[in-house]
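Spelled out from the first residue to the last, the chains are:
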Amino acid sequence: QVQLVESGGGLVQPGGSLRLSCQGSGRAFTTDAMGWFRQARGKEREFVATTTWSGGGIYRTVYADSVKGRFTTFRDNGRNAVYLQMNNLRPEDTAVYYCAVCRNDQPQKTDCDYWGQGTQVTVSS
């Protein structure tokens with residue numbers, strides 16, 4: 001049974017940093033597109049980032065325009081985990097963050113088959 005468990009959320013001041021972790025179990029995700037989404041209160045769940053196998057041990061990353069230059073996603077296949085490093089956080093980044101196993105590198109919600117339970121990130125002074 002595939003499971004994804006996020007951790008690392010919390011309260012941070014504007015300009016601060018957080019690193020989210022997504023621990024997978026049930027199978028390896030080495031060649032899967034691993035995605036991050038977020039959902040702010042009252043809003044739709046939106047794409048944040050993906051890391052996707054490109055072959056030859058290379059992974060490509062794709063980011064939403066709103067997080068480019070501030071967020072970085074990377075993976076540790078030995079740990080079956082994927083991470084989202086978030087720097088220079090803004091109040092508008094406040095949301096529940098989810099990791100997911102997806103079928104392409106610019107997924108809609110419906111392109112992802114497995115989801116974690118989410119972790120709350122609050123950016124506030």
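Everything that follows concerns the structure shown earlier in this document.
Quantities reported herein were computed from a predicted structural model and do not represent experimental measurements.

We now examine the overall build of the chain. Looking only at helices and strands, the chain features zero helices and 11 strands. In the chain, the succession of α and β elements from N to C terminus is β-β-β-β-β-β-β-β-β-β-β. The globule rule puts the C-alpha radius of gyration for 125 residues at 14 Å, and the 14 Å found for the chain is close to it. Along the longest, intermediate and shortest principal axes, the C-alpha atoms of the chain span 40 × 25 × 25 Å. The burial tally for the chain puts 46% of its 125 residues in the buried class.

Bringing the pattern of salt bridges into the picture now. For the structure shown, the criterion picks out nine salt bridges. Between Arg27 and Asp32 there is a salt bridge whose closest N-O contact spans 2.7 Å. Look at Asp32 and you get buried, because its relative accessible area is 16%. Of the charged contacts in the structure, one is a salt bridge between Asp105 and Arg60, with a shortest N-O distance of 2.6 Å. Highlighted residues: Asp105 in the loop between strand 9 (95–102) and strand 10 (112–115) and Arg60 in strand 6 (residues 58–63), separated in sequence by 45 residues. A relative accessible area of 16% means that Asp105 is categorised as buried. On the basis of relative accessibility, which here comes to 37%, the residue Arg60 falls in the partly exposed class. Overlapping salt bridges, with partners in common, bring together Arg38, Glu46, Arg70 and Asp93 in one network.

A separate point is the pairing of strand 3 (residues 18–25). Remember that side chains alternate between the two faces of the sheet whenever the strand is regular. Only one face of strand 3 is covered, namely the face carrying Leu18, Leu20, Cys22 and Gly24; the face carrying Arg19, Ser21, Gln23 and Ser25 is uncovered. Two strands pair when backbone bridges link them, and strand 1 (residues 3–7) and strand 3 are joined in this way by five bridges, in the antiparallel orientation. In the sheet register, Leu4 faces strand 3, and the bridge partner there is Gly24. Here strand 3 pairs with strand 8 (residues 81–86) via six bridges, running antiparallel.

Right, let's talk about unusual backbone geometry for a bit. Most peptide bonds take the trans configuration, and most residues that are not glycine carry a negative phi. Phi at Asn80 is positive, roughly 55°, even though this residue is not glycine. Summarising the element assignment, Asn80 is placed in the loop between strand 7 (71–76) and strand 8. The buried category is assigned to Asn80, whose relative accessible area is 18%. Look at Asn88: it is not a glycine, yet its phi comes out positive at around 50°. Counting through the fold element by element, Asn88 comes out in the loop between strand 8 and strand 9.

Rules used throughout
Residues numbered from 1 in each chain as written. Predicted model: local features only at pLDDT ≥ 70, side-chain atom pairs only at ≥ 80, totals over all residues. Heavy atoms only, no water. Helix = DSSP H or I, 4+ residues; strand = E, 2+ residues; numbered from the N terminus. Rg over C-alpha atoms; globule rule 2.2 N^0.38 Å. Buried < 20%, exposed > 50% of the residue type's maximum accessible area, 1.4 Å probe, protein only. Salt bridge = Lys/Arg side-chain N within 4 Å of Asp/Glu carboxyl O. Pairing = 2+ DSSP bridges.

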